[in-house]
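For reference, the chains in residue letters:
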Amino acid sequence: MKRFIALSREVFVKVNSAPSRMRLTGLLLVSLCFAGCGGQLGKIEAPEVDTVLTRAESAIEAARAADAPSLVPEAFEAAVSNLEEARTAFAEKNGSDALRLAHQAIVDARVAQRNAVNITKNSELNAIILEKEAGAKTLRQNLNTKTEQLAMVQDELQQLTREKKDLKQTISNLEKKRRELSNTREKYGKQVAELSETLKEIQSRSNRAETALRNYGKEMAELRRKLEVADVMVKEEGHQKRAAIAQAESIRKQMREQAQIYTEKLAQANQRSGVEKHADYLKQKAQEARAYVQSQQANEPVKTGRTSLSTEQIAAGKTALSNWNNAWHSKNLTGHLGYYTPHVVTDKVVIRESKENRSKIDRSQLEAALRQMNAHPWRKVKTDTQVEGESVIGVHRLSRLVRPAEDENATALYNIWIREVWMHQVGNAWKIHHEIWQIYENVPNL
């Protein structure tokens with residue numbers, strides 16, 4: 001019997017180092033040997049069985065450390081099952097079955113451990129392979145990107161080469177022009193000296209024309225003063241009124257004649273001038289003078305002088321006009337706008353460089369224009385009040401300096417703003433239902 005036990009040990013040692021098929025053959029031989037020896041534990045020493053069981057437990061722990069329960073669960077569960085059956089057989093004093101099952105548990109545990117290790121290594125190798133493939137893909141992408149960038153750089157280099165060639169040609173052309181300009185510089189210097197002398201002569205003529213302009217401006221102002229006196233007389237009744245109207249018409253005729261003389265004088269000054277800029281200036285002033293005289297009748301609405309208002313109503317209307325005017329000069333634009341009806345219509349006439357620009361503006365446009373005009377400092381020149389039909393009319397003349405005289409021989413230019421407002425009674429209040437603007441830009445203060 002001892003001889004069979006020794007033989008079984010030798011077989012188990014060889015089985016542990018042999019391939020799986022040989023191991024199974026060895027186990028069968030050992031089992032047969034033990035079967036021939038009988039099934040009682042008394043014929044097999046207990047320490048030997050304990051030793052094999054301990055080895056089986058170690059093999060199973062090693063398999064568990066290699067993560068065999070999750071990687072090769074079937075082989076690991078077989079090893080655990082054989083170990084449990086071996087312990088049961090040992091407890092039942094069946095030594096041969098206990099040794100056979102313990103050795104089978106060792107074999108299964110080692111197989112599970114080896115397979116688990118191989119699976120882990122394969123997974124690691126696959127991960128490494130995937131990582132290498134991803135790195136290779138990234139490198140190929142980088143290579144393609146660098147190739148495209150290289151092509152772009154080469155194209156840019158070619159473009160820069162062409163631009164460099166063009167710049168060299170441009171520099172050559174500029175150098176040639178610079179040499180040509182150097183050759184003509186002396187010629188231009190002589191021409192500048194000649195033009196300077198001509199400019200001095202023109203300036204002298206311009207000063208004389210400015211003096212003539214001021215003189216005719218004063219005559220126009222005097223005629224206008226007479227016209228204003230005549231307008232006051234127009235308001236009177238009876239024969240005196242008709243005589244004043246005739247006188248006003250006569251003065252307007254004189255103003256037109258004076259403007260014609262004024263224009264002819266400026267035309268003569270224009271003919272004496274040899275420079276286009278000065279000629280344009282004199283022509284502009286002549287046109288402005290003609291437009292000023294013509295607009296006095298064109299922009300003045302027809303008035304009959306008759307009214308249906310009572311004395312009390314006229315007084316109330318004049319008071320409202322005065323308050324409206326005071327609100328404007330005190331910069332109280334909200335109070336000023338409060339005197340307009342929602343549907344007020346304004347005729348706006350702008351005379352600029354002898355050209356008239358007529359337009360009609362509604363309430364919202366009027367408010368925007370008044371805000372713009374209120375931003376400038378206007379000087380009150382004259383205020384007049386008239387009565388027509390059911391309206392009380394206020395005529396307000398304002399002026400603003402836009403270009404002061406540079407010296408005593410020059411003429412200061414102004415913007416003249418004439419506001420004619422028509423106000424009628426709305427309930428217990430007086431509101432403006434119509435307004436006429438006449439704006440003369442850059443004219444002498446006539």
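Look a little higher up for the structure.
Predicted, not measured: the structure shown is a model, and the values here were computed from it.

Chemist: Can you lay out the packing of aromatic side chains for me, pointing to particular residues and giving the numbers?
Modeler: Considering all chains together, one arrives at three aromatic pairs under this definition. Between tryptophan 328 and tryptophan 417, the aromatic rings sit 5.5 Å apart at their centres with planes inclined by 75°, giving edge-to-face as the arrangement. A residue pair is termed long-range when its members are at least 10 positions apart, and tryptophan 328 in helix 9 (residues 311-329) and tryptophan 417 in strand 5 (residues 413-426) qualify at 89 residues. Considered together, tryptophan 328 and tryptophan 417 belong to a single accessibility category, that of buried residues. Arranged with centres 5.0 Å apart and planes meeting at 75°, the rings of tryptophan 417 and tryptophan 437 form a pair that is edge-to-face. With tryptophan 417 in strand 5 and tryptophan 437 in strand 6 (residues 429-443), this residue pair connects regions lying 20 residues apart in the sequence. You'll find tryptophan 417 and tryptophan 437 in the same group, each marked buried. Ring pairs connect the aromatic residues Trp328, Trp378, Trp417 and Trp437, which therefore count as one cluster. The side chain of arginine 400 reaches across the aromatic face of tryptophan 378, ending 5.2 Å from its centre.

Chemist: How would you explain the side chain of asparagine 82 if you had to name every residue and give the values?
Modeler: Counting through the fold element by element, asparagine 82 comes out in helix 5 (residues 73-91). Relative accessible area serves as the criterion here: at 12%, asparagine 82 is assigned to the buried category.

Chemist: I'd like to hear about the sheet that holds strand 1 (residues 340-352), residue by residue, with values.
Modeler: With respect to topology, six strands assemble into an open sheet ordered 2-1-6-5-4-3, the strand pairing being mixed. Strands at the two margins of the open sheet, each flanked by one partner only, are strand 2 (355-361) and strand 3 (379-388). Between one strand and the next, the sheet's axes are offset by a mean angle of 15°, whatever the strand orientation. Here strand 5 pairs with strand 6 via twelve bridges, running antiparallel. Residue pairing in the sheet places arginine 419 in a bridge with tryptophan 437 of strand 6. Contacts from helix 11 (residues 363-374) reach strand 1, strand 2, strand 5 and strand 6 within the one sheet, and its direction differs from that of strand 1 by about 55°.

Chemist: Could you give me a rundown of the pattern of salt bridges, with the residues and numbers involved?
Modeler: Counted under the stated rule, the structure contains ten salt bridges. Between aspartate 97 and arginine 100 there is a salt bridge, with its nearest N and O atoms 3.6 Å apart. Remark: arginine 100 and aspartate 97 occur in helix 6 (residues 95-234); sequence separation between them is three residues, near one turn of the helix. Note on aspartate 97: relative accessible area 26%, which makes it partly exposed. In this structure, the salt-bridge partner of glutamate 441 is arginine 352, at a minimum N-O distance of 2.6 Å. Residue glutamate 441 is located in strand 6, and its partner arginine 352 is located in strand 1; the two are separated by 89 residues in the primary sequence.

Chemist: Which residues make up helix 11, and what values do they have?
Modeler: For helix 11, built from twelve residues, the straight-helix expectation of 16 Å at 1.5 Å per residue is met to within 8% by its first-to-last C-alpha distance of 16 Å. Those residues of helix 11 that are buried are in contact with helix 9, helix 10 (333-337), strand 1, strand 2, strand 5 and strand 6.

Chemist: Please set out the pairing of strand 5 residue by residue, giving values where relevant.
Modeler: With eleven of 14 residues buried, strand 5 lies mostly within the body of the structure. Sheet topology places strand 4 (residues 391-403) next to strand 5; eleven bridges connect them, and they run antiparallel. Opposite valine 392, over in strand 5, you have methionine 423 as the bridge partner. Hairpin geometry of strand 5 and strand 6 is characterised by an intervening segment of two residues between the two adjacent antiparallel strands and by a positive phi of about 70° at glycine 427.

Definitions and limits used
- Residues numbered from 1 in each chain as written.
- Predicted model: local features only at pLDDT ≥ 70, side-chain atom pairs only at ≥ 80, totals over all residues.
- Heavy atoms only, no water.
- Phe/Tyr/Trp six-rings, centres within 6.5 Å; stacked < 30°, edge-to-face > 60°.
- Helix = DSSP H or I, 4+ residues; strand = E, 2+ residues; numbered from the N terminus.
- Buried < 20%, exposed > 50% of the residue type's maximum accessible area, 1.4 Å probe, protein only.
- Lys NZ or Arg CZ within 6 Å of the ring centre and 35° of its normal.
- Pairing = 2+ DSSP bridges.
- Axes fitted to C-alpha atoms, helices over the stretch in contact; angles between N-to-C directions.
- Contact = heavy atoms within 4.5 Å.
- Salt bridge = Lys/Arg side-chain N within 4 Å of Asp/Glu carboxyl O.
- Expected span 1.5 Å × (residues − 1).

Any link to function would need more than the numbers given here.
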